[in-house]
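# Descriptive analysis of the structure
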Amino acid sequence: MVSTAIHRLSVVALALLGAATPTSAQSESEFTEARIAWERGDYPTALRGFERILQAPYGRAFHQRIALVTGELFRTHELTTDGRAVRFSNGGRWVLFERGSGADVWTVLVRNDLARRDSVRGSGASIDDATGRIAWLRQGRLVLKELESGREVMLPDSSLAVATPLFGPGGDVFFLGKRSGATAVHLFRWRRSGEVEQVTTTEELRGGLQGAGHGKFLYQLGVDPFAAGGLGGRGGGAGVREFAILDVATGSERRFEGVAPSLAADGSAVVYLQRLGGENLVYVARTNGDAQPVVVRRGPENVDAPALSPDGKTVAFQMMPREDWEIYLVDADGKNERRLTREIQHDVLPRWVSATTLLAMIGEPRHRRSYLYDVASGARWRFFHNNTVRTVSPEYEWAVSPDGSRIAIVAERDGDTVSPERGVYVTALTDTVSQSELLARIREQLAAELALREEAQRRFAPLAGEIRPFVEAVSKDRIYGYARDLFQFDSKYITQPGNARAIAYLDSVYRSFGYETELQWFEPRPGVRTANIVATLKGTVSPDAVYVVGSHFDSVQGGPGADDNSSGTTMLLETARVLAGRPLPATVKFVSFTGEEAGLLGSREFVRRMQADSVRLVGVLNNDMMGWSNDQRLDNTIRYSNPGIRDVQHGAALTFSRLITYDALYYKSTDAAAFYEAYGDIVGGFGSYPILGNPHYHQRHDVLETINFEQVTENTRANVATVMLLASVPSRVTGLRVQRLQQAIELRWQPSVERDVVRYTVAYQDASGTERTLTTSEPVARLPLLPAASEVRVKAVNRRGLDGWDWARVRVP
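Residues numbered from 1 in each chain as written. Predicted model: local features only at pLDDT ≥ 70, side-chain atom pairs only at ≥ 80, totals over all residues. Heavy atoms only, no water.

### Thoughts on the sheet that holds strand β3 (residues 94-101)
Definition in use: Here, strands pair whenever DSSP counts at least two bridges between them. Under the DSSP-based scheme used, a helix requires at least four consecutive residues in state H or I and a strand at least two consecutive residues in state E, with every element numbered from the N terminus. Interaxial angle, 0 to 180 degrees, is taken between N-to-C directions of lines fitted to C-alpha atoms, where a helix line uses only the stretch in contact.
Ordered in space as β2-β3-β4-β5, the 4 strands form an open sheet in which the pairing is antiparallel. A strand with exactly one partner marks an edge of an open sheet, and here the two such strands are β2 (84-88) and β5 (117-121). Across the sheet, the axes of successive neighbouring strands diverge by a mean angle of 20°, strand direction being ignored. For β2 and β3, the ladder comprises 3 bridges, and the chain directions are antiparallel. Counted as the bridge partner of R84 is E98 from β3.

### Topic: the side chain of T569
Here is the rule: Identification of polar contacts relies on pairs of N or O atoms within 3.5 Å, with a donor-acceptor requirement for protein atoms, meaning one able to donate a hydrogen and the other able to accept it, and with residues adjacent in sequence counted only if both atoms are side-chain atoms. Note on definitions: a residue-residue contact is assigned when non-hydrogen atoms from the two residues lie within 4.5 Å.
Among the structural elements, T569 can be located in helix α9 (residues 562-579). Among the polar contacts made by the side chain of T569, one reaches the main-chain carbonyl oxygen of H552 at a distance of 3.2 Å. Contacts of T569, omitting those with residues within four sequence positions, involve L486, L506, S551, H552 and F553.

### Points about the environment of S551
Among the structural elements, S551 can be located in strand β35 (residues 542-552). Along the sequence, S551 and V474 sit 77 residues apart, while their C-alpha atoms lie 18 Å from each other. Beyond its immediate chain neighbours, meaning those up to four positions away, S551 contacts N565, G568, T569, L572, V591, S592, F593 and N623. There is a polar contact of 3.1 Å between the side chain of S551 and the backbone oxygen of G568.

### A closer look at unusual backbone geometry
The omega torsion of the bond from D564 to N565 falls at 5°, within 30 degrees of zero and hence cis. The topology assignment puts N565 in helix α9. With a phi close to 55°, D490 is a non-glycine residue in the positive phi region. Considering the arrangement of structural elements, one finds D490 in the loop between α7 (476-487) and α8 (497-512). Even without a glycine there, the phi angle at M625 is positive, about 80°. Note on placement: M625 falls in the loop between β37 (617-622) and β38 (635-640).

### Digging into the side chain of N386
Under the convention used in this document: Partly exposed residues are those whose accessible area sits between 20% and 50% of the maximum for their type, while under 20% is buried and over 50% is exposed, using a 1.4 Å probe and protein chains only.
Inspection of the secondary structure assignment puts N386 in the loop between β29 (380-382) and β30 (395-400). When its relative accessible area of 10% is taken as the criterion, N386 is described as buried. Only 2.8 Å separates the side chain of N386 from the side chain of T388, close enough to count as a polar contact. In terms of polar contacts, N386 uses its side chain to reach the backbone carbonyl oxygen of T391, at 2.9 Å. Not counting the four nearest positions on each side in its chain, N386 is found in contact with T391, V392, S393 and R413.

### What to know about the pattern of salt bridges
Worth spelling out the cut-off: Just to be clear on terms, a salt bridge is a Lys or Arg side-chain nitrogen sitting within 4 Å of an Asp or Glu carboxyl oxygen.
Under the defined criterion, the tally for this structure stands at 65 salt bridges. Put simply, D118 and R116 hold a salt bridge, and the shortest N to O gap is 2.6 Å. Between R151 and E146 there is a salt bridge; the shortest N-O distance is 3.8 Å. R151 sits in the exposed class, given a relative accessible area of 53%. Each of the salt bridges in this network shares a partner with another, and the network as a whole consists of E455, R458, R459, K795 and D803.

Structure follows, in structure tokens:
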């Protein structure tokens, strides 16, 4: 299986390098045109092109490349929608993950053929494939179970606190243990014969246990895994300065001074880091004998996450040559250092799949994506995806099976970054998607993309003539001018002088547009005074329906925040400028929030005042970071809680800008959270996370020259169109409730806040599954009896015939 997996990976690498099945110049040109259409965001043209190619006689030659453009090449299996702590058994026969919390944690075991699934209550599990046994912790006790017979036995010594059970030679269980009242943590061995013996002798703390083949165990010294924050797991610990490797067969122990140690798969060598003076050093040491460690890399650059190839011949590590992490390789003797990656985003966390293939991640922690690399050629291809065109899929954990044939990932494949649940997936590198599966994927993507565009056309067509002049009035030069002015204030953190200067500047700019501003002064901390700046465009038809369009203007304490978030602030200013002379049917408040980087202080203060004044807030656009671009594409993410606003924003971008939009259900740790907590899912907005990975994020080098003002301009055009549509159509109906009567279903809801609403549309499926609609002029409707759990939707329509931007939904009891 290992050789097959490596062969398939090599085939992919050759395909990417153009050495696959020979193709004609015409077919290559056809593929290139489709790929270029994909890059410019013309997905219908691209997908139709890919479909034609795959159905042509030469289609099989392009199978891999088209699969990698549109999603995944290898088949992915979802093991659960709620899991974490993914890992493989020592022989790769099982994948394990945990679910639940507190006292109700379970470990789930899934066999690699997916034909069997078991679970045990507890955590920290390890499986020995040779003996078919699992060891894990249940309520602090170490338990051992035979998977076939189900026979369980508990560690006989109940006085031991136990952490990190791992199987070793002969199927014995090794673990870290601490006796009641003791100060030292030791490595213990629970033999198959039943005896428990202490392996280590020196009285000291040990944590972060790692195991490898041939009876080698690594533990970090001076760490208590039983203390709060202790390294009870299998991880590193950058602050730990000393570690040891114990050879069970000989009883010998070698100690090393360094951090981030990582064992080779066979236990023959270890790689680790050390900082001496102003230099960072990467060491490789053989675990057998007493040969001195070899310095394989030294220099002033930051280094991290070293990993040894399975054959112990090559070291991979991440290094920061300038402002972002890149992956480098060096031979285990210190020769032949070479750079593997050249991505603008961070390239991090390398781990070996085989001696010739590396897995590494791109992006910042809230949205990393996995890539595979052929280390000889440097060819790179995207590994994990959700096979959609628009929705992002953040990844958080990765595990490679011992034989390199499978990779397990914890990810939010559905793009939902809000709920705590994360899916667990396994991808077999020996199993690629078929031609028919790839065609089905492309057709599904095309149908979804055409539906999105058709809905955008339907929604914006009645207002396009009104919106376009304001979109065309957006000025890149003005946006740059705002950004240049804000940059002069350096840090705009609430405790820095730049905060007050920015407040005065923003107040002046809004007033220059003709707005009467409100400065919301408050003291979030003793001796710290700051303010939100609010400019209001009062509605002409429904002034009581209020939309908020906001961006925070403050930055982190240590940087000027050109992207985070002067870019959003400049977009907000230009949106306010072009709309200043054009009141909309509903009221729009343009709000520059203070104190986001200090804990969402300004947005929470604004929400507090809105609620105290009983303001009817019906929608929010929170825009945060839109100035940095990764490549030639002008792209950004719609971060939303409301899918109706999300689709309006997609439509605005498609209709009125060159912006390419993705989406993610995301509002945590942003000003949008303050509104969601108070008003529910009425939030949308543009923002660079989690899809982009700006290496300048929260750094002192988040400076003016890193901003792409074409990108900010296109974001602004889409923002203007979004605001104009939202404020011109009814908002979502509120207070929808349903009651089952004897012969009917009765619906009631609150009358719309918009004064020009003339009717409501009610949509549902009848008992036969047929879609039905009815209209009513009053906020009440009666439907025939429907099955329990049926969904009923209500939307308001105004006198212009424009329907609301989202359905209100309710389930029949």
